[in-house]
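Here is how the chains run, residue by residue.
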There are 2 protein chains.
Amino acid sequence: MADQGGGRRDLAAMLHPFVRALVAAEMPVLARNGISMWGYIVLSALDGGPARTQAALAQAIGADKTRIIAVLDELQDAGFIVREPDPADRRARLLSITPAGHRMRTATQSEIQANENRVLTALPAADRRAFLRAVEVLSGLPHDEIAAGPAGPDAAG
Amino acid sequence: MADQGGGRRDLAAMLHPFVRALVAAEMPVLARNGISMWGYIVLSALDGGPARTQAALAQAIGADKTRIIAVLDELQDAGFIVREPDPADRRARLLSITPAGHRMRTATQSEIQANENRVLTALPAADRRAFLRAVEVLSGLPHDEIAAGPAGPDAAG
DNA sequence: TATTGTTATACTCTATAACTATA
DNA sequence: TATAGTTATAGAGTATAACAATA
């Protein structure tokens, strides 16, 4: 037998395929609305408030600053964001979402979360609520608090 | 203000960075034990029972069959698995874990889950148990049940 | 003819480095 | 000199296609 005993599977091993499937579920929604995944991520970030620099926006969404440039070009051409030079620092570009961008984000998110809610019906109501609470907490943890021990990787010296 | 109202963030948007951090946390553990991520995944799969073909193993772990070949070579050279021709079908290779491979997997998993458990202390005990129950259920859902609506993507015709 | 394992190739995504302009 | 944005390049990871052995 291949009994695993009382142990559980690794959290990452269980969640990784699940998240991949959730992302796959977003693809047709995004395609139907004519927006890319990064475009949707950027739009979601700017819907929470404008950004003073592209680098700050990139950092906020965990992306490289060079990677969002083409995304911003597309969103700007589509009229979903405005990118205007900062009068106070002409190197920087002030980024903000437009009403059209807000509508696009809201509509797209509504479809995405409708599917997520459908998936979550696999859980009993109490566990569903607790799961959502837990995800909110865990997603708020800093990366380094998850990836490194409490004292950090170079605490042995 | 950028008030999000009573809505929640997307599940995928919250879980993706969290899973990335969990995976990042595994990296130094795997490196210290001298095994790759894919090697650990394969070892974990074979620790649950032998595989009759490499293709079946690849499918079981959600990988391409061409991608695990180098991984199997490494694991075999390290003495963690045995890969022997199937006498009944000389095209196929029977895959199984060795005692050394089992020890490696157990030790590595112990370290990985110790860190995961440390992270989970961010949750109250009841939510932590509910979260683990929920993850078990959700990770058991078929990919297509998550990625597609209940009727499938081509049910409109 | 179909399937297993393998190798070789091409493609996608991402990070790094180099450049321009402002400060 | 340092920083914001941009572009060009290189690298890792992955999937697709073609091949040899066996069924």
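Residues numbered from 1 in each chain as written. Chains lettered and ligands numbered in written order. Predicted model: local features only at pLDDT ≥ 70, side-chain atom pairs only at ≥ 80, totals over all residues. Heavy atoms only, no water.

*Asks:* Lay out the nonpolar core with the relevant residues and their values.
*Replies:* Residues Phe131 of chain A together with Phe131 of chain B are the most contacted members of the largest nonpolar core, which totals 34 residues. Looking at this core, the elements that each hand over two or more residues are α1 (11-32), α5 (99-120) and α6 (125-139) of chain A together with α1 (11-32), α5 (99-120) and α6 (125-139) of chain B. Contacts of phenylalanine 131 of chain A, omitting those with residues within four sequence positions, involve Leu120 and Leu123 of chain A together with Leu11, Leu15, Phe131, Ala134, Val135 and Leu138 of chain B. (Core = buried A, V, L, I, M, F, W, Y, C linked by side-chain atoms within 4.5 Å. Buried < 20%, exposed > 50% of the residue type's maximum accessible area, 1.4 Å probe, protein only. Helix = DSSP H or I, 4+ residues; strand = E, 2+ residues; numbered from the N terminus. Contact = heavy atoms within 4.5 Å.)

*Asks:* So what about the protein's contact with DNA strand C? Which residues, and what values?
*Replies:* Near DNA strand C you find 17 residues, and of these Arg67 and Arg91 of chain A together with Gln54, Ala55 and Arg91 of chain B are the closest. For DNA strand C, a phosphate oxygen lies 2.5 Å from a polar atom in the side chain of arginine 67 of chain A. The separation between a base nitrogen of DNA strand C and a polar side-chain atom of lysine 65 of chain B is 3.5 Å. Looking at the surface near DNA strand C, the elements with two or more residues in it are β2 (89-97) of chain A together with α3 (54-60) and β2 (89-97) of chain B. The class makeup of the residues in the surface near DNA strand C is four nonpolar, four polar and nine charged. (Near = heavy atom within 4 Å. Polar contact = N/O pair within 3.5 Å; in protein donor to acceptor, adjacent residues only side chain to side chain. Nonpolar A, V, L, I, M, F, W, Y, C, P; charged D, E, K, R; others polar.)

*Asks:* Lay out the side chain of asparagine 33 of chain B in plain terms, naming residues and giving numbers.
*Replies:* All names here are of chain B. Within the secondary structure layout, asparagine 33 lies in the loop between α1 and α2 (37-47). Owing to a relative accessible area of 19%, asparagine 33 belongs among the buried residues under this scheme. At 2.9 Å, the side chain of asparagine 33 forms a polar contact with the side chain of threonine 108. Among residues more than four places away in sequence, those in contact with asparagine 33 are Met104, Thr108 and Glu111.

*Asks:* Which residues make up the packing of helix α2 (residues 37-47) of chain A against α5 of chain A, and what values do they have?
*Replies:* Residue and element names in this part refer to chain A. The geometry of α2 relative to α5 is characterised by a closest axis approach of 10 Å and an angle of 115° between their N-to-C directions. One way to sum up the angle between α2 and α5 is to call them roughly perpendicular. The element α2 and its partner α5 pack so that their crossing is left-handed. Residues Tyr40, Leu43, Ser44 and Asp47 of α2 form the contact with α5, whose own contacting residues are Gly101, His102, Met104, Arg105, Thr108, Gln109 and Ile112. Among the residues making up the contact of α2 with α5, the classes are represented as four nonpolar, five polar and two charged. (Axes fitted to C-alpha atoms, helices over the stretch in contact; angles between N-to-C directions. Parallel < 35°, antiparallel > 145°, perpendicular 65-115°, else oblique. Left-handed = near helix turned anticlockwise from the far one by under 90°.)

*Asks:* Account for the pairing of β2 of chain B, with residues named and values stated.
*Replies:* All names here are of chain B. Both strand β1 (residues 81-86) and β2 contribute to a ladder of six bridges, which runs antiparallel. Across the sheet, residue glutamate 84 finds its bridge partner in β2, namely leucine 94. Hairpin connection of β1 to β2: two residues between the antiparallel strands. (Pairing = 2+ DSSP bridges.)

*Asks:* Please set out α5 of chain A residue by residue, giving values where relevant.
*Replies:* Residue and element names in this part refer to chain A. Its 22 residues place the ends of α5 31 Å apart at the C-alpha level, agreeing with the 32 Å of an ideal helix rising 1.5 Å per residue. Looking only at α5, the buried set comprises Gly101, Met104, Arg105, Thr108, Gln109, Ile112, Gln113, Asn115, Glu116, Val119 and Leu120. Looking straight down α5, one finds its buried side chains confined to an arc of 155°; they lie on one side. Exposed side chains of α5 directed beyond 90 degrees from the buried face belong to Pro99 and Arg103. (Expected span 1.5 Å × (residues − 1). Arc of directions from axis to C-beta.)

*Asks:* Which residues make up the side chain of arginine 83 of chain B, and what are the values?
*Replies:* All names here are of chain B. Note on placement: arginine 83 falls in strand β1. What makes arginine 83 buried here is its relative accessible area of 17%. Looking at arginine 83, its side chain comes within polar contact range of the side chain of glutamine 54, at 3.0 Å. With residues up to four places along the chain from it excluded, the contact list for arginine 83 reads Gln54, Ile69, Leu72, Asp73, Gln76, Arg93, Leu94 and Leu95.

*Asks:* Describe in detail the interface of chain A and chain B, supporting the description with residues and values.
*Replies:* Contacts between the two partners involve 53 residues from chain A, matched on the other side by 53 residues from chain B. With both chains or domains summed, chain A and chain B bury close to 4900 Å², and 65% of this area falls on carbon and sulfur atoms. Connecting chain A to chain B are four salt bridges. A salt bridge links glutamate 116 of chain B to arginine 8 of chain A; its shortest N-O distance comes to 2.8 Å. In this assembly, chain A and chain B are joined by 22 residue pairs in polar contact (both at pLDDT 80 or more). Secondary-structure elements contributing two or more residues to the side of chain A that touches chain B are α1, α2, α5, α6 and α7 (143-147) of chain A. Grouping the amino acids of the side of chain A that touches chain B by side-chain chemistry returns 30 nonpolar, 11 polar and 12 charged. (Buried area = accessible area lost by both parts, 1.4 Å probe. Salt bridge = Lys/Arg side-chain N within 4 Å of Asp/Glu carboxyl O.)

*Asks:* Account for the protein's contact with DNA strand D, naming residues and giving values.
*Replies:* The local shell around DNA strand D holds 17 residues, among which Gln54, Ala55 and Arg91 of chain A together with Arg67 and Arg90 of chain B are the closest. Among atoms of DNA strand D positioned within 4 Å of the protein, sugar and phosphate together represent 66%. Between DNA strand D and the protein, one listed contact pairs a phosphate oxygen with a backbone N or O atom of alanine 55 of chain A at 2.9 Å. Of all the elements in the fold, those that place two or more residues in the surface near DNA strand D are α3 (54-60) and β2 of chain A together with β2 of chain B.

*Asks:* I'd love a proper account of α1 of chain B, names of residues and values included.
*Replies:* What sets the pattern is the α-helix's 3.6 residues per turn: residues three or four places apart point alike. Helix length check: α1 of chain B (22 residues) gives 32 Å between terminal C-alpha atoms against 32 Å at 1.5 Å per residue, within 8%. Buried residues of α1 of chain B: Leu11, Ala12, Met14, Leu15, Phe18, Val19, Ala21, Leu22, Ala25, Glu26, Val29 and Leu30 of chain B, and no others. Where α1 of chain B is buried, its residues meet α1, α5, α6 and α7 of chain A together with α2 and α5 of chain B. Glycine 34 of chain B, located one to two residues past α1 of chain B, shows a positive phi value of around 70°.

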